[in-house]
Amino acid sequence: MSDRMRIVGFCCSHGAYSSADLAGVMRISYSPSVMIIRVPCAGRIDVLHILRAFRDGADAVFVAGCLEGNCHFEYGNFEARKMVEHAKRLLSDIGIEAERVEMFNVASNQAWRFPEIVGEMVSRVDKLGLSPLKKVIK
Amino acid sequence: MTPEVHLRKGDELISLVTSTRPARPGSRRLRSVAEDKGDRIGVFICRCGGAVSRTVDVDSVAAHAASLNSVAFVKVMEFPCSAGGRAEILEDIREKNLGRFVVAGCSPRTHEKIFRALAAKAGLNQSMFEIANIREQCAFVHVPSEATAKAKVLIESTASKCNLLLPAPYEQIPLSSRKALVVGSGLSAVVAASHVSDQGFGVILVDPRGTSNEGEANSIKAGESVELFDKTLQRLKSNPLVRMLSGSKVIEFEGHPGDFRALIQTPDGEEDIRCGAAILAFDASPTHAAEDRDRREITQAEFGSLLGSRVVKMENIVMIVSDNSSEETVGRGNYVDAVASSLRLKELLPSADVTIIGSEARMYGLHELDHIRAQERGVRFIRPKGEVDIKHEGGLRVLVTDASSDAALSLPADLVVRSDVLRFEDAKKVASVFKIPINARGFFVESEVRLEPGSTLNRGVFLCGSAAGPRLVSEELLGASTAASQAVSLLASPFIEAGGTVAEVDPEKCSVCLNCIRICPYTAPFINEESKAEIDIQTCQGCGICVGICPSKAIQMYGYTDAQLFSQASASLRGGGT
Ligand code: SF4
Ligand code: SF4
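Residues numbered from 1 in each chain as written. Chains lettered and ligands numbered in written order. Predicted model: local features only at pLDDT ≥ 70, side-chain atom pairs only at ≥ 80, totals over all residues. Heavy atoms only, no water.

Q: I would appreciate a short explanation of the pairing of strand 3 (residues 60-65) of chain A in the present structure.
A: Side chains on a regular strand alternate between the two faces of the sheet. Residue and element names in this part refer to chain A. Of all 6 residues making up strand 3, 6 are buried, and the element is well covered by its neighbours. Of the two faces of strand 3, the one holding Ala 60, Phe 62 and Ala 64 and the one holding Val 61, Val 63 and Gly 65 are both buried throughout. Pairing analysis gives 5 bridges linking strand 1 (residues 7-12) to strand 3, with the strands arranged parallel. Its bridge partner being in strand 3, Gly 9 is matched across the sheet by Phe 62. The pairing of strand 3 with strand 4 (residues 101-105) spans 5 bridges and is classified as parallel. Bridge assignment links Gly 65 to a residue of strand 4, and that residue is Asn 105. Of the crossover connections in this fold, the one passing from strand 3 over helix 3 (residues 76-93) to the parallel strand 4 is right-handed. (Buried < 20%, exposed > 50% of the residue type's maximum accessible area, 1.4 Å probe, protein only. Helix = DSSP H or I, 4+ residues; strand = E, 2+ residues; numbered from the N terminus. Pairing = 2+ DSSP bridges. Right-handed = clockwise from strand over helix to strand, strands pointing away.)

What follows is the structure, encoded as structure tokens:
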């Protein structure tokens, strides 16, 4: 495994993914280390997706859904938050910093917000270093 | 605002669990992954007239894509989404015998529809393609060296998801009824019904209060709206497309857009009807003041009927307008109502002395003109500081401190008129019949306030009137036509499309824990005759919430199965060749 930083961002189609699209249209750049995975709703995310991403070498994972109270699917973003909290607990149990996982809420028209989120996660990884799991993954 | 997660329980849960719906014939299970391996993937990379290729070295990206095991064919194109581009892809799919394809270019948010149609045209299942967003999420935001590397990873991870795609179910279901059911007794109900019938669709108007029979309008909406109500009602009565069931209510409601069944309790017994869409046009009604109150303290609604009777003798009137921060559900038009009735009073009795006490002078739009008119006629406006008190000894006196002068005032009053407190009777019952969540204030929840106002979580059921919250008369009229046009566009469609990105239960794994039934925002899962959970593809909106919640991992979702997401994430972490 190489030593470059990789961050997985599960983005809901209606909010976060659209916000990333808008950031693109407005040419607001952000770190290429983020890999966006599109999901219909943040509520689709299972704790398994987050854990598997770490197992596969992610240095940080975030889930981004619509603003609270504004979820396209009513309360998918609340369910996602629960999953993220759960993943945080499990990760810290095995000695991986809980800060490597985060839940965000973004509206599709907040173009600046997506690059901001990426920046936040990148600076967390800068502080914490690359994932300790990277050493054991081939 | 925090929406509650609406967990289904009680009667509502039971109705979904005890349904006798048979398992969907030919209900498919997600096909095993192995079955689809070996399908040939074509990758079409877009230069986008330079928008992509200026930053991304598309040829090196194409070479990387061609090196991937799963990829059978790669082509760099100028504009794959153009008519010419699509024709080219179509030819390649046929010629190269491709089973699925990846388009690397624009965001799927904008281009998914185009390529879905193309897949169908090529004889593939509509979901057998994926889009790698190398434009908005790559070329536009990264510097050239990074963008090229990233585009490689994006295409690699998208191809690895594409490799695992499964043909999704798509169905075109004919409408069994093109009539609309309209429920309500007030202005919104008759206006919505007339809009629908004017466009040539049948209407069944269920009127719980029976006002359409008595020809008497909802008492709070005074003035012009009474006239409009009567006129519209007369028109409806002479329209052969409209059937009125007065003094009736809906006791059961089930089905799908285009195919609903409702059981209606009429004064002559129960009646089973079919409809393609439903409009709930309820009006919240003002509650009656407590019996033991002082007779000199009344509500705006009561004052309205007093004005209507034209025998007003009181000289000193004080109106107290509650603001929106008050606990009770008050109308949006409190202030508007108070000003309007002060003007009407001044017309009947020019010598009357009127004071309006209220902290929020909300006069929407042109209502502001009334505000000015009332000031010109000598209506007194006071913004209160602190509490407003009423002294009951002898004649009524209203004690208030004027916020601008800090003067403590004691106003004599023959009548004190308060704002109406609106209550939505039977909201809970109606909500559970129509399977629509209600919020903490007792109003129905609209699902897409901005994109599709008036729509609800139960597709095919629309809201207007004050069902979703207090409204001004002008807003109710607008709401009624919005709901009517939504219903009409549903009723006019040639068929209802269902399927695509939907969830599906593997009955062998289902442990019947009911979690999916309780959590789904749209009542899509139910227990079928075989005593297993099943997801109705016509109702499922494809959010995927049930997939993660199912403890038995019995649910998967077309287009976003766990396997697909795992493989996409994994490839995006390892991919790119470096
Ligand atoms: S096991 Fe899964 S599919 Fe079956 S009822 Fe429970 S949540 Fe639904
Ligand atoms: S995917 Fe969403 S809409 Fe479909 S059944 Fe599951 S929870 Fe309901």
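Q: For this particular structure, what's the right way to read the site of ligand 1?
A: The immediate surroundings of ligand 1 are formed by 13 residues, with Cys 510, Ser 511, Cys 513, Cys 516 and Cys 550 of chain B found nearest. Partitioning the shell around ligand 1 into residue classes produces 10 nonpolar, 3 polar and no charged. (Near = heavy atom within 4 Å. Nonpolar A, V, L, I, M, F, W, Y, C, P; charged D, E, K, R; others polar.)

Q: I tried to follow the packing of helix 8 (residues 187-198) of chain B against helix 15 (residues 473-491) of chain B on my own but got confused; where do I start?
A: The angle between the axes and the distance between the axes are what describe a pair of packed helices. Residue and element names in this part refer to chain B. Running from amino to carboxyl end, helix 8 crosses helix 15 at an angle of 35 degrees, the nearest separation of the two axes being 8 Å. Crossing angle aside, the handedness with which helix 8 passes helix 15 is right-handed. Residues Leu 187, Ser 188, Val 191, Ala 192, His 195 and Val 196 of helix 8 pack against Val 473, Glu 476, Leu 477, Ala 480, Ser 481, Ala 484 and Val 488 of helix 15. A per-class count over the contact of helix 8 with helix 15 returns 9 nonpolar, 3 polar and 1 charged. (Axes fitted to C-alpha atoms, helices over the stretch in contact; angles between N-to-C directions. Left-handed = near helix turned anticlockwise from the far one by under 90°. Contact = heavy atoms within 4.5 Å.)

Q: Is there a simple way to explain the interface of chain A and chain B in this structure?
A: With 50 residues of chain A at the contact, the number on the chain B side is 53 residues. Both faces combined, the contact of chain A with chain B buries some 4500 Å², and carbon together with sulfur accounts for 58% of it. Sorting the residues of chain A by area buried against chain B places Arg 38, Arg 44 and Tyr 75 of chain A first, and these three jointly supply 17% of that buried surface. In this structure, the connection of chain A to chain B is made through 4 salt bridges. Among the salt bridges present, the one from Arg 574 of chain B reaches Asp 56 of chain A, with a minimum N-O distance of 3.7 Å. Where the side of chain A that touches chain B is concerned, the elements lending two or more residues are helix 1 (16-25), strand 2 (34-39), helix 2 (47-55) and helix 3 of chain A. The element that contributes the greatest number of residues to the side of chain A that touches chain B is helix 1 of chain A, accounting for 7 residues. For the side of chain A that touches chain B, the class distribution of residues is 24 nonpolar, 13 polar and 13 charged. (Buried area = accessible area lost by both parts, 1.4 Å probe. Salt bridge = Lys/Arg side-chain N within 4 Å of Asp/Glu carboxyl O.)

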